[in-house]
Amino acid sequence: MRARLALHASQIKYEHREVELKSKPTHMLSLSPKGTVPVLWLPGEDAQQKGVVIDESLEIMDWALRSNDPLGWLPGDLQDTTQAKLLLQNNDELFKSQLDRYKYPVRFGLDQANAIKQRDLALNTLLRLEQLLSQRSFLSGDRFGMVDAAIAPFIRQFARVDVEWFTNQSFKKLISWLNDFEHSQLFLDVMKKVSPRLE
Ligand SMILES: N[C@@H](CCC(=O)N[C@@H](CS)C(=O)NCC(=O)O)C(=O)O
């Protein structure tokens, strides 16, 4: 979702090929053998059209916005860039692991009590984001930007594990930030259903 958000914001024309993770297309695996999505393919001019492949979501966001950033999503100055790096690092290296364990405890051999422990550990991140949102309107600054787009899909997943618990927490600014995101035109645009390609 974060890659699609950045591609949408960059206004770059691209073809969206939805895949089924249960049966990954051989073409996708030939481009990116690790088999995770998203995969961005920039076909080359040569006969095999191998071209360039970017198969990390943050790198796709970065590529898209460096190519074209009409909404000013990239961090503006060094302070914002440093802040963005720290927030994204915390999200991808810590929060994501806590989210996965809270959401799919069985997959990680955890019982319910340990899943809740992961949820409670993740509160550190949620409170840090809340604190930031009490100083500025968005995680990226005074407008929605790359950091918001990169983090919102994970907070959304987290909130949806137990909506009642999430909405009863004290981080009201974060709840309202997520709610605004989920009701934005941007979100509606990128969430449009695309049928999976099987080959
Ligand atoms: N670090 C990668 C993680 C990508 C990732 O794990 N994607 C999941 C889906 S959200 C996936 O493709 N999993 C492979 C599978 O379920 O087979 C990125 O952000 O690009």
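Before reading further, recall that the structure is shown in the block above.
Summary of the structure given here. (Residues numbered from 1 in each chain as written. Predicted model: local features only at pLDDT ≥ 70, side-chain atom pairs only at ≥ 80, totals over all residues. Heavy atoms only, no water.)

**Structural notes on the nonpolar core**
Formed by 47 residues in total, the largest nonpolar core has its most connected members in Ile-155 and Phe-166. Put simply, the parts of the chain that give this core at least two residues each are α1 (2-10), α3 (57-67), α4 (78-103), α5 (112-133), α6 (146-161), α7 (163-167), α8 (172-182) and α9 (185-190). For this core, the element with the most residues is α6, which contributes 10 residues. Sequence-distant contacts of Ile-155, that is, excluding residues within four places in its chain, are made with Phe-95, Leu-126, Leu-129, Phe-166, Leu-174, Trp-177 and Leu-178. (Core = buried A, V, L, I, M, F, W, Y, C linked by side-chain atoms within 4.5 Å. Buried < 20%, exposed > 50% of the residue type's maximum accessible area, 1.4 Å probe, protein only. Helix = DSSP H or I, 4+ residues; strand = E, 2+ residues; numbered from the N terminus. Contact = heavy atoms within 4.5 Å.)

**Regarding α5**
A rise of 1.5 Å per residue sets the reference length of α5, with its 22 residues, at 32 Å; its end C-alpha atoms lie 31 Å apart and thus fit the reference within 8%. Roughly 25 degrees is the biggest bend found in α5, and it falls at Leu-123. Listed in full, the buried residues belonging to α5 are Ala-115, Gln-118, Arg-119, Ala-122, Leu-123, Thr-125, Leu-126, Leu-129, Glu-130, Leu-132 and Leu-133. Turning to α5, the residues buried within the fold contact α4, α6, α7 and α8. (Expected span 1.5 Å × (residues − 1). Bend = angle between axes of the 7 residues up to and from the residue.)

**A closer look at the packing of α5 against α6**
In contact at an axis separation of 12 Å, α5 and α6 are set at 135 degrees when each is read in the N-to-C sense. In this view, α5 runs oblique relative to α6, as classed from their interaxial angle. Where α5 crosses over α6, the two elements pack in a sense that is left-handed. Residues Arg-119, Ala-122, Leu-126 and Leu-129 of α5 pack against Ile-151, Ile-155 and Phe-158 of α6. (Axes fitted to C-alpha atoms, helices over the stretch in contact; angles between N-to-C directions. Parallel < 35°, antiparallel > 145°, perpendicular 65-115°, else oblique. Left-handed = near helix turned anticlockwise from the far one by under 90°.)

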